[in-house]
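Now for the letters of each chain:
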Amino acid sequence: MRIAYFDCFSGASGDMILGSLIDAGLSSRRLREALEKLHLGTVSLRAKKVLKGGISATQVIVEGNERKPHRT
């Protein structure tokens, strides 16, 4: 069994978490398959390597066609 622990003492955004999961070995194909199960409509993912502050990472960009807001 593998366990991942996030120590987000300064917070973490969604693209940071998705990028870290891909860097840890999650394939982008499996991530897309998991998103399809949520029935969110048209959602696209783009993963690219970035260098920020001297640290190399994977940035995941999530784009979708949201027609109605989830919050009021």
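Shown above is the structure to which this text applies.
S.K.: When you look at the overall build of the protein in this model, what are you seeing that I'm missing?
M.R.: Per the secondary structure count, the protein includes two helices and two strands. Overall, the protein shows an N-to-C arrangement of helices and strands of α-α-β-β. By the compact-globule yardstick of 11 Å for 72 residues, the protein is too spread out, its C-alpha radius of gyration being 14 Å. Its C-alpha atoms put the protein at 40 × 30 × 25 Å along the principal axes. By residue count, 12% of the 72 residues in the protein fall in the buried class. Contacts in the protein between residues at least 24 apart in sequence constitute 25% of all its contacts with a sequence separation of at least 6. For the protein, the exposed surface amounts to about 6500 Å²; the carbon and sulfur share of it is 55%. Each charge class in the protein was averaged separately, 12 positive and 7 negative side chains, and the resulting centres sit 3 Å apart.

S.K.: Got a minute to help me understand the side chain of Thr58 in this structure?
M.R.: Relative to the assigned elements, Thr58 resides in strand E2 (residues 55-64). With relative accessibility at 9%, the residue Thr58 sits in the buried group. In this structure the side chain of Thr58 is engaged in a polar contact, spanning 2.5 Å, whose partner is the side chain of Asp23. Of the polar contacts made by the side chain of Thr58, one reaches the side chain of Lys49; its length is 3.1 Å.

Here is what the cut-offs are and how they apply
- Residues numbered from 1 in each chain as written.
- Predicted model: local features only at pLDDT ≥ 70, side-chain atom pairs only at ≥ 80, totals over all residues.
- Heavy atoms only, no water.
- Helix = DSSP H or I, 4+ residues; strand = E, 2+ residues; numbered from the N terminus.
- Rg over C-alpha atoms; globule rule 2.2 N^0.38 Å.
- Buried < 20%, exposed > 50% of the residue type's maximum accessible area, 1.4 Å probe, protein only.
- Contact = heavy atoms within 4.5 Å.
- Areas by Shrake-Rupley, 256 points an atom, 1.4 Å probe, with all protein chains shown as cover.
- Lys, Arg positive; Asp, Glu negative; His and termini not counted.
- Charge placed at Lys NZ, Arg CZ, Asp CG, Glu CD.
- Polar contact = N/O pair within 3.5 Å; in protein donor to acceptor, adjacent residues only side chain to side chain.

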